[in-house]
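Tertiary structure, described
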Amino acid sequence: MKFEFNSSVEKAFFEQSGIKDITTRIPYISVDNFPKLGFLTALRFIEWVNENPKGVISLPTGKTPEYFIKWTKYLLDNWSSKKVASIKDKYGLIINKKPDFSELSFVQIDEFYPVSSKQHNSFNYYVKQFYLKDFGLNPDNALLIDCDQIPLWDGKHFHEVFPENTVDLSLRYREAKNSNELIQQKSIFSIDNWCSEYEENIRDKGGIGFFLGGIGPDGHIAFNTRGADRFSTTRLTPTNFETQAVAAGDLGGIEVSKNRLVITIGLETIIYNPDVVSIIFAAGEAKANVVKDALENHASNVFPATVLQKIKNSRLYITKGAGVKLTDSVNQYFNTGDWTQEKTERAIIELCKTKNKYGKNLSLEDLKKDKFTKLIPDLSIEIIKEVKASIISKFEKGMENEKNQVFYHTGPHHDDVMLGLLPHVHRLSRNETNISHYAIMTSGFTAVTNKFVIDLLKDTKYFLDHGKIEMTEYADFFEEGYKHKWDKDVYHYLTKVASGEPHEKRRGICHRIVRALVEIHQIKSKDELRDKINDILSTLRNSYDGEKNPEHVQKLKGMIRELEEELVWAHFGYPVRNVHHLRLGFYTGDIFTEQPEKKRDVIPILNQLKEIKPTVISLAFDPEGSGPDTHYKVLQAIAEAVRQWGKEEDLSNLRIWGYRNVWYKFHAADANVIVPVSLNAMAVLDNAFTNCYLSQVDASFPSYELDGKFSDLAKKIWVNQLKDIQLVLGKDFFYQHKSPRVRTTHGLIFYKEMNVGEFLNQARELEKSMEGIIM
């Protein structure tokens, strides 16, 4: 299908993308990574505003707009600079006068209900802060969704009508059973009326002229989830699990997001104006399936974004990872550039999956008929044996016995190393000539709910009041003693895991809570300790779900996560001194974390590299910048530390292991090491996760892929990866193998081993894309 781009910005980026033909039902533009996605979107937005200074705009909330907002502000704030002039010239933005945003009208896309607009995690607050204030929009021209102002029955506030913040929409269709339900029923109808008026106000403005939105894991646009009516308008509506899982981080846990409804503009609202420029942007391989569904399917309620096929100015802006499953992308991958072994492996693996045939059952005719395997040079049936041999060599590499190595295993968050590499790390730790260090780069406090801390502090008070935290009785404890025997807390807890004494396990954790509180607050007595616990309990009880905690509470939550990590690696004999908590400063708990800084974030890593002198560094490998933002920011910091270390040390023998976990996965053809995983290894993973990551067991912040623990999702991924390889090698390769270790394989881990040059080259591309906006 032939699409014409009328926008100069879009033409420039489309030419850069290297895509020759678009066969999708909606045009799209592909860029290299997440920051560049924001750059493209900002330029196109400014271009549109210049042409429509009194237009109606509707912009998204959440983390995806981070670089859109940063680049827009950068371009406007530096409009007269030489750098911005060169950007405008390069991308066809022929605008001399700085665009004026003051006459634009703004439409808020959606909001959770009920959520007070005073809360910093409300979308209303986000819109006011990042768009109305930072972009210089006129608040009088804004249509906003303010839950505090939406009228309910008899002028009541939602706290009075819905005291548990739960809205029962069945009251739309059934009789109220009591006076409280009657008030709620009348209030729901009042909200419905407000939604209709909101829709009418949008249409009175002529509809939305520029719409920018993300796409959810179920394909939702705004909060129009999978199955939404294509003719839907603004309404109060429930969500689905995938949406609730993504929202959990904003609202303080899945327990909260499951009980919140949403007010959202409808799909018809978005396309009411036939000339609307409607842009959906998506980053990362995790979005690849929904992007493919949105672009390649006929209009369907199952795929909400397909409604945009009705609009001539609809676009998807995507990263290469997000577009990796598009027919266009697959065709381009196989039909351009030199043919590689990776292409051969991918073609054979995908053919096995498509035909659901084992490699040994593929015929030469199958290979010749397939549009990708037929491209393999010197095609013959022997190619299947070559692919098998290549995969087996990766597999054998994953079973090699490493000796005399110093491993520096890094994780952006607590549990990343475990979920990415635990079976491999566990096995290598059995060789006592190897030394392992575990460095967690951020504090991870955002993953701990207020309720979890409240329960721990209540237990700590109980044990303290009953004389069960005996170390507080020592004369020097509050001066010096609290600094010592942190390993004892770990050993005590794991011993009670072994003996099956949950009460004593809890006491062990409370010992560490006491040490943490004394360290954070420099507490000098038991009375002062009790007062501080009561003070923190009061703070948390008076906080709304998802509220940013005071710094001292953040530190306490982080130290809870640090104990959890120490418990994991103590399973394999590693003391507290081998588990390093770097607490990099860019991680702040704000909606947009800062960029890494050399002095604050790189030097601590560099100093550890110099001290530990690792021979292997493992890291979460996200060079596209498409996973959780902490991942690629940590990647930048580690890359710069390695680059600096290389100026002083010969790193020619240093190996980098890039792993992926529950957030994104390797294709078997992309990985060059495959590690077998046994049922025993899975049991170790599950046991360690359940007993150590106590703040995560209830899965308050789950993946949208599974309503359960991350360890369960990791196992599911490993099993699926085994299924792909079994199709090529055959199941009998495993269960008839001469090695008992291979015969016990029930899952596989994929990772990529690189030398320093290969790693830095990939990291440098991400760094380049952010030049100019690093604050």
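Going by the structure above, here's the rest.
Owing to the predicted nature of the structure, the values given are computational and were not obtained by experimental measurement. (Residues numbered from 1 in each chain as written. Predicted model: local features only at pLDDT ≥ 70, side-chain atom pairs only at ≥ 80, totals over all residues. Heavy atoms only, no water.)

A few points about the overall build of the chain
Put simply, the test is: Labels follow the DSSP assignment, with helices taken as runs of H or I lasting at least four residues and strands as runs of E lasting at least two, numbered in each case from the N terminus. Each residue is placed in one exposure class: buried if its accessible area under a 1.4 Å probe, protein chains only, is under 20% of its type's maximum, exposed if it is over 50%, and partly exposed if it falls in between. Contacts were defined at the residue level, with two residues in contact if any of their heavy atoms lie within 4.5 Å. Here the accessible surface of atoms and residues is derived via Shrake-Rupley with a 1.4 Å probe, and residues count as covered only by protein chains that are part of the display. Counting rule applied: Lys, Arg positive; Asp, Glu negative; His and chain ends not counted. We put the charge of a Lys on NZ, of an Arg on CZ, of an Asp on CG and of a Glu on CD.
A tally of regular secondary structure across the chain gives 28 helices and 17 strands. Seen along its three principal axes, the alpha-carbon backbone of the chain occupies a region of about 80 × 70 × 60 Å. Residues classed as buried in the chain amount to 59% of the 775 residues present. Taking the intrachain contacts of the chain between residues at least 6 apart in sequence as the baseline, contacts between residues at least 24 apart amount to 79%. Total accessible area on the chain is roughly 31900 Å²; 48% of this is exposed by carbon and sulfur atoms. For the chain, the centre of its 101 positive side-chain charges and the centre of its 105 negative side-chain charges are spaced 3 Å apart.

Comments concerning helix H20 (residues 526-541)
Put simply, the rule reads: In this scheme, a helix's expected span is set at 1.5 Å multiplied by one less than its residue total. This arc corresponds to the set of directions leading from the helix axis out to the C-beta atoms.
Taking 1.5 Å of rise per residue, the 16 residues of H20 would be expected to cover 22 Å, and the 22 Å separating its terminal C-alpha atoms lies within 8% of that figure. Looking only at H20, the buried set comprises Leu-529, Ile-533, Ile-536, Leu-537 and Leu-540. Buried residues of H20 fall within an arc of 105 degrees about the axis and therefore sit on the same side. Opposite its buried face, H20 presents the exposed residues Asp-527 and Asp-531, each directed more than 90 degrees away. Turning to H20, the residues buried within the fold contact helix H17 (450-465), helix H19 (502-521) and helix H21 (551-570).

Quick notes on the sheet that holds strand S7 (residues 235-237)
Whether parallel or antiparallel, the strands of a sheet pair through hydrogen bonds between backbone atoms. Using the following cut-off: Note on pairing: DSSP must find at least two bridges between two strands before they are called paired. Angles shown run from 0 to 180 degrees and are taken between the N-to-C directions of axes, each axis being a line fitted to C-alpha atoms and, for helices, limited to the stretch in contact.
Read from one edge to the other, the open sheet built from three strands follows the order S4-S8-S7, with strand pairing classed as antiparallel. In this open sheet, the two strands that pair with only one neighbour each are strand S4 (110-113) and S7. For this sheet the average axis-to-axis angle between neighbouring strands, irrespective of direction, equals 25 degrees. Alignment of S7 against strand S8 (residues 261-264), held across three bridges, turns out to be antiparallel. Considered in S8, the bridge of Thr-237 is made with Val-262. The strands touched by helix H7 (residues 179-204) within the sheet are S4, S7 and S8, with S7 carrying the most contacts at an inclination of about 130 degrees.

With respect to the packing of H19 against H20
What describes two packed helices is the angle between their axes and the distance between those same axes. The following threshold applies: Comment on the angle field: the value is read as roughly parallel under 35 degrees, roughly antiparallel over 145, roughly perpendicular from 65 to 115, and oblique elsewhere. Classification used: nonpolar for Ala, Val, Leu, Ile, Met, Phe, Trp, Tyr, Cys and Pro, charged for Asp, Glu, Lys and Arg, polar for all others including Gly.
For the pair H19 and H20, the least separation of the axes is 11 Å and the interaxial angle reads 90 degrees. Classified by the angle between their axes, H19 and H20 sit roughly perpendicular to one another. Counted together, Val-514, Leu-517 and His-521 of H19 and Leu-529, Lys-532, Ile-533 and Ile-536 of H20 form the full contact between these two elements. Tallied by class, the residues present in the contact of H19 with H20 amount to five nonpolar, one polar and one charged.

Observations regarding the sheet that holds strand S6 (residues 210-213)
Pairing is parallel in the open sheet, where seven strands are placed in the order S1-S10-S9-S6-S2-S3-S5. Each having just a single partner strand, strand S1 (28-31) and strand S5 (142-143) make up the two edges of the open sheet. The pairing of strand S2 (residues 56-58) with S6 spans two bridges and is parallel. From the neighbouring strand, Ile-57 faces S6, where its bridge partner is Phe-210. Strands in contact with helix H1 (residues 8-17) are S1 and strand S10 (314-319); relative to S1, the strand with the most contacts, it is inclined by about 60 degrees.

A look at the environment of Trp-486
To be explicit about the condition: Counting of polar contacts relies on pairs of N or O atoms within 3.5 Å, with two restrictions inside protein: one atom must be capable of donating a hydrogen and the other of accepting it, and residues adjacent in sequence are counted only when both atoms are side-chain atoms.
Its place among the elements puts Trp-486 in helix H18 (residues 486-499). A relative accessible area of 16% means that Trp-486 is categorised as buried. C-alpha of Trp-486 to C-alpha of Glu-566: the two residues are 80 residues apart in sequence and 9.9 Å apart in space. With residues near it in sequence (within four places) discarded, Trp-486 still touches Arg-512, Arg-515, Glu-519, Met-559 and Val-576. A distance of 2.7 Å separates a polar side-chain atom of Trp-486 from the backbone oxygen of Tyr-482.

Brief notes about the packing of aromatic side chains
For any pair of aromatic rings, geometry is given as the distance between the ring centres together with the angle between the planes. Note the cut-off: Stacked, edge-to-face and tilted labels apply to pairs of Phe, Tyr and Trp rings (six-membered ring for Trp) whose centres lie within 6.5 Å, assigned for plane angles under 30 degrees, over 60, and everything in between, in that order.
Evaluated as defined, the whole model comprises 44 aromatic pairs. With a centroid separation of 5.8 Å and 85 degrees between ring planes, the pair formed by Phe-395 and Phe-734 is classed as edge-to-face. Here Phe-734 lies in helix H26 (residues 731-735) and Phe-395 lies in helix H15 (residues 382-398), a separation of 339 residues in the sequence. When its relative accessible area of 3% is taken as the criterion, Phe-734 is described as buried.

Structural notes on the pairing of strand S12 (residues 435-440)
Most of S12 sits inside the fold, with five of its six residues counted as buried. Relative to S12, strand S11 (residues 406-411) runs parallel, the two being bridged by six bridges. Paired with Phe-407 across the two strands is Ser-436, which belongs to S12. Looking at chain direction, S12 and strand S13 (residues 579-581) are connected through three bridges and run parallel. Within S13, the position partnered with Ile-440 by the bridge is His-581.

Some points on the nonpolar core
We apply this condition: Here, nonpolar core means buried Ala, Val, Leu, Ile, Met, Phe, Trp, Tyr and Cys residues that are tied together by side-chain atoms lying within 4.5 Å of each other.
Core analysis: the largest hydrophobic core is formed by 105 residues, its most contacted members being Leu-59, Phe-68, Tyr-113 and Tyr-131. Examining the composition of this core, we find that ten residues originate from one element, helix H2 (residues 34-51), more than from any other. Sequence-distant contacts of Phe-68, that is, excluding residues within four places in its chain, are made with Gly-38, Thr-41, Ala-42, Phe-45, Leu-59, Tyr-131, Phe-135, Leu-212 and Phe-281. Counting 76 residues, the second largest nonpolar core, distinct from the first, contains Ile-509, Tyr-659, Val-662 and Cys-692.

Shape descriptors only; they carry no functional weight alone.
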